[in-house]
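Observations on the three-dimensional arrangement
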Amino acid sequence: MPMHTRRELLRTSLLLGGALCAPRNALAQLRSYTAGRFALFVGGTPAFIDAFQMLTQPAATQPSSSVPAAVSAPAVAPAAPSVVAATSPVVRVPTTVVGASQLPAAYQFSVSSSVWFGGSQSLANWVAGAVNHLPSLQNGSVCNYDFNYRQVTRDDWTAGAVSQVIWPGCEATSTAAASPVITVDAATMRFSIGDGSAFPGTLLGPKAKNFRACDFLVTSNVNINAAQIASVSALTLAPSVYAGTVAFGYNTGAQPAMVLAPFATALQTGGMLISGQSTDITIAFLTPARTATLAAITLRDCRVASVNNVSPRALVTMNYADASLSVSAVA
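Throughout what follows, the structure given in this document is the object of discussion. Everything numeric in this text was worked out from a predicted model, so none of it was measured. (Residues numbered from 1 in each chain as written. Predicted model: local features only at pLDDT ≥ 70, side-chain atom pairs only at ≥ 80, totals over all residues. Heavy atoms only, no water.)

**Let's talk about the overall build of the protein**
Scanning the protein for helices and strands turns up 4 helices and 20 strands. Looking at the protein residue by residue over its 331 residues, the buried ones come to 46%. Sequence-distant contacts, at least 24 apart, represent 73% of the contacts inside the protein between residues at least 6 apart. Within the structure as shown, the protein displays about 15,500 Å² of accessible surface, and the carbon and sulfur contribution to it stands at 57%. (Helix = DSSP H or I, 4+ residues; strand = E, 2+ residues; numbered from the N terminus. Buried < 20%, exposed > 50% of the residue type's maximum accessible area, 1.4 Å probe, protein only. Contact = heavy atoms within 4.5 Å. Areas by Shrake-Rupley, 256 points an atom, 1.4 Å probe, with all protein chains shown as cover.)

Printed below as a string of C-alpha cells:
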C-alpha cells in the first residue's frame with residue numbers, strides 16, 4: 001500500500017472539499033478553471049502555472065547537538081536585491097551541485113506552465129540565469145486556488161535554485177501546447193492552509209497565448225538546410241551541465257542524399273560541418289502569430305554524431321558543447 005505524507009493528505013482533503021462545496025461563478029465556468037489552479041511567486045511577481053509537484057523532501061530526523069541549527073546558502077551568482085538567503089533551521093540537509101558551489105537541497109519540486117513563463121519576467125530571468133550557468137537563490141511561494149479564486153493552500157520555500165530545465169520538443173505538424181518543466185531545489189519548505197486571499201488580479205486578465213510545439217525556427221551560422229527541419233528533440237538543461245545531444249528530424253523530400261550530404265561528410269571527418277569553424281545552432285521559440293521571438297536556445301560547437309536516413313523523415317543527431325538561453329520577451 002503506497003504511503004502518503006501529511007502534506008499530500010491535507011492538500012487532497014482541501015481540494016475535495018473545495019470541489020464539492022465551492023460554487024462555480026460565471027467567470028470560472030467561462031474560463032473553465034478548476035480547483036487546483038496554481039500561481040508561482042518569484043521575486044514577488046506571480047506567474048501562472050499548470051502543475052506543481054513535490055519530488056523529494058527530507059525524512060523526519062531527530063536533531064542532535066552535532067548538527068548545526070541552521071545552514072546558510074552560499075552565493076552562487078551576483079544576486080538581485082530581492083534574493084534572500086535561507087535563515088530557517090535546516091537539519092541534515094543533502095546537497096546538490098549547482099555550478100561550482102554546494103547548495104542546500106532538502107526539498108525539490110517541479111512546476112510547468114503552458115503559458116510562456118507564466119507571464120513573469122522574474123521567473124524568466126531566474127530560469128535563464130540557471131541555464132546560462134549563473135544560478136541564483138530565490139525565496140518564493142506556490143499557491144493553490146479554488147473555483148472562486150481564493151487561496152486554499154500555500155507552500156513557501158527559501159533559498160531555492162533552479163537545478164534543471166526540461167525544454168519541450170518542437171514538432172512542425174503539432175499544435176499541442178508545450179512548456180518547460182522547471183525543477184527547483186530549496187533549503188526549506190513550509191506547507192500551510194491558505195488565507196483565502198484572492199487570485200492575483202494580473203492573472204485574471206488577458207493572458208499570453210500558449211506556446212505551441214509548431215512555433216519554432218532553427219537557424220545556424222553555417223548552412224544546415226534549416227528550412228527542412230520538421231522537429232527538434234526535447235532538451236535537458238542544468239546549471240552544472242554543459243554538453244548535451246539534440247536530434248533534428250528532416251523532411252528530405254525526393255532528394256535525401258543531397259539534403260543529408262553535409263552531415264554525412266561531416267560525420268566522416270570528425271563531426272565538424274566546416275573544418276576549423278565552430279557550428280552554432282539557435283532554436284527560437286515564437287509567438288503563436290510567429291511575428292516575434294519569445295526566447296531562444298543557442299547550442300554551441302555542434303558536431304554531427306549520427307545520420308539515420310529512414311523514410312519519411314531522416315534523423316540527424318548532434319552533440320553540443322554548451323547551451324545558452326536568451327529571453328526576448330514575456331508576453
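**Observations regarding the sheet that holds strand β16 (residues 281-286)**
In spatial order, the strands read β12-β16-β17-β20; together these 4 strands make up an open sheet with antiparallel pairing. With one partner strand each, in any of the chains shown, β12 (216-220) and β20 (322-327) form the two edges of the open sheet. Pairwise comparison of adjacent strand axes, ignoring direction, gives a mean angle of 20 degrees for this sheet. Judged from the 5 bridges that link them, β12 and β16 form a sheet pairing that is antiparallel. Residue pairing in the sheet places Ser220 in a bridge with Ile281 of β16. (Pairing = 2+ DSSP bridges. Axes fitted to C-alpha atoms, helices over the stretch in contact; angles between N-to-C directions.)

**Comments concerning the packing of aromatic side chains**
This model, assessed by the stated rule, comprises 9 aromatic pairs. Taken together, the aromatic side chains of Phe38, Phe52, Phe109, Trp126 and Trp157 make up a single cluster linked through ring pairs. (Phe/Tyr/Trp six-rings, centres within 6.5 Å; stacked < 30°, edge-to-face > 60°.)

**With respect to the side chain of Ser141**
Relative to the assigned elements, Ser141 resides in strand β7 (residues 138-145). Of the polar contacts made by the side chain of Ser141, one reaches the side chain of Arg154; its length is 3.2 Å. Only 2.5 Å separates the side chain of Ser141 from the side chain of Asp156, close enough to count as a polar contact. Excluding anything up to four places from it in sequence, Ser141 contacts Ala39, Leu40, Phe41, Arg154, Asp155, Asp156 and Trp157. (Polar contact = N/O pair within 3.5 Å; in protein donor to acceptor, adjacent residues only side chain to side chain.)

**Here's the deal with the nonpolar core**
Core analysis: the biggest nonpolar cluster contains 63 residues, and Trp167 and Met318 have the highest contact counts within it. Element by element, the count of residues in this core is highest for helix α3 (residues 121-131), at 7 residues. (Core = buried A, V, L, I, M, F, W, Y, C linked by side-chain atoms within 4.5 Å.)

**A closer look at the environment of Thr252**
Looking at the secondary structure, you find Thr252 in the loop between β15 (244-250) and α4 (256-268). Thr252 has contacts with Gln228, Val259, Leu260 and Ala314, leaving out every residue within four places of it along the chain.

**Quick look at unusual backbone geometry**
Residues other than glycine seldom take positive phi values, yet Tyr149 does so here, at roughly 65 degrees. Here Tyr149 shows up in the loop between β7 and β8 (151-167). Here the phi dihedral of Arg290 falls at roughly 60 degrees; this positive angle occurs in a residue that is not glycine. Arg290 sits in the partly exposed class, given a relative accessible area of 42%.

**Observations concerning the environment of Ser114**
Looking at the element boundaries, Ser114 is found in the loop between β6 (107-112) and α3. Residue class for Ser114 comes out buried when judged on its relative accessible area of 14%. For Ser114 and Asp50, which are 64 residues apart along the polypeptide, the C-alpha to C-alpha distance reads 6.7 Å. Setting aside its immediate chain neighbours within four residues, Ser114 contacts Asp50, Ala177, Ala178, Ser179, Asn210 and Phe211.

**Remarks on α4**
Relative to the 18 Å expected for 13 residues at 1.5 Å per residue, α4 spans 17 Å between its end C-alpha atoms, a close match to the ideal helical length. Where α4 is buried, its residues touch β15, β18 (303-308) and β19 (314-320). (Expected span 1.5 Å × (residues − 1).)

**A few points about the environment of Ala159**
Within the fold, Ala159 resides in strand β8. Distance in space between the C-alpha atoms of Ala159 and Met189 is 9.5 Å, their sequence separation being 30 residues.

All we've got here are geometric facts, nothing functional implied.
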